[in-house]
Amino acid sequence: MKIMLTNDDGISVPGIAALAKEMNKVGETFIVAPETEMSAVGHAITLHDPLRVSDFYKNGTYFGKAVSGTPADCVKIAWSALLKDQPKTDILISGINLGSNTGINTIYSGTVSAATEGAILGIPSFAISLTTYRNPDFTFAAKFARNLAEKVVENELPKGVFLNVNVPAVPEEQIKGIKITRQGMANYTEEFQVRKDPRHREYYWLTGEKQEIEPDDDVDDRAILQNKISITPVHYDLTYYSFLNELENWKLKL
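Since this is a predicted model, take the numbers as computed values, not measurements. Per chain, residues are indexed from 1 in the order of the written sequence. For this predicted model, a pLDDT threshold of at least 70 governs which residues receive local features, and a threshold of 80 or more governs which side-chain atom pairs are given and counted, while totals over whole chains, interfaces and linings are taken from all residues. As a rule here, side-chain values cover all heavy atoms of the structure and leave hydrogens and water aside.

Q: What should I look at first to understand helix α2 (residues 71-82) in this one?
A: The α-helix advances 3.6 residues per turn, and as a result positions three or four apart in sequence lie on the same side. Residues of α2 that are buried: Pro-71, Ala-72, Asp-73, Cys-74, Val-75, Ile-77 and Ala-78. What makes two residues a contact is simply this: any of their non-hydrogen atoms within 4.5 Å. The helix count covers DSSP runs of H or I at least four residues long, the strand count covers runs of E at least two residues long, and both are numbered beginning at the N terminus. Buried-residue contacts for α2 involve β1 (2-6), β2 (28-34), β3 (53-58), β4 (61-67), β5 (91-98) and α4 (110-120). Classification of residues uses two cut-offs on accessible area relative to the type maximum, computed with a 1.4 Å probe and protein chains only: under 20% is buried, over 50% is exposed, and between them is partly exposed.

Q: Looking at this structure, how should I read the pattern of salt bridges?
A: A side chain with one charge can pair with a side chain of the opposite charge if their charged atoms come near. Any carboxyl oxygen of Asp or Glu within 4 Å of a side-chain nitrogen of Lys or Arg constitutes a salt bridge here. Per the counting criterion, the structure on display carries 11 salt bridges. A salt bridge links Glu-22 to Arg-146; the shortest N-O distance between them is 2.6 Å. Remark: Arg-146 occurs in helix α5 (residues 139-155) and Glu-22 occurs in helix α1 (residues 14-23); sequence separation between them is 124 residues. Taking the relative accessible area as the measure of exposure, Glu-22 reaches 9% and is therefore buried. The exposure class assigned to Arg-146 is buried, which follows from its relative accessible area of 18%. As a salt-bridge pair, Lys-65 and Asp-55 come within 2.5 Å of each other at their nearest N and O atoms.

Q: It is not clear to me how α4 should be interpreted in this structure. Could you clarify?
A: Among the 11 residues of α4, 10 are classified as buried, and the element is accordingly described as predominantly covered. When we look at burial in α4, the residues that qualify are Gly-110, Thr-111, Val-112, Ser-113, Ala-114, Ala-115, Thr-116, Glu-117, Gly-118 and Ala-119. On its buried face, α4 is in contact with β1, α2, β5, α3 (105-108), β6 (125-130) and β7 (161-167). One or two residues past the end of α4 sits Gly-122, with phi positive at roughly 90°.

Set out below in structure tokens:
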């Protein structure tokens, strides 16, 4: 397989290294990721500044391409420039993200947006996240990503659809299975804390906690609480079709 790997945490983090180590067992990987952390940038792309691409080395060995842009930038420039004359990419994997990408968070996620960009370009894609920020062990999530990649290539995805995968951060033997889920609607109660820097100038720091998760078993966050891997098929078409006819009935006028 020809495999493109990216993320939003940055090219130097352990998550993408663990993913690359596992994916190299089944194919040829091309790593293209932001040179610095780009978490929560959503589907932003760079228009008014040049993108710079440089070789990134890990422990003296070439690892991949570092891009001075967003996750979506990375996928775009890889597809349209860096891999332009190479054999087609069989699959794109974005991750392994540090922390979950569930509920409303998926809108903000750079990890998910990289997979979205892959789907827009016609590349079979999925995003994968490990649901913790502390002492992560990416071993099992990377192994699951390899197995899932083989299934995606074998079975194909519908046009414009990619998968959003969240792996519970528990030992492998405590994983209770796989759940096909829908995106939940759990949001965050957000608060801007006001602080002062050493020069007594005020600044604001966003904090928040996730609100109550829906009780339905088919929700992504609920699956994670049950120690199940959540897999949500996502489409980038944002149209709310069931409201189209009602909106027509508004008889809007100039």
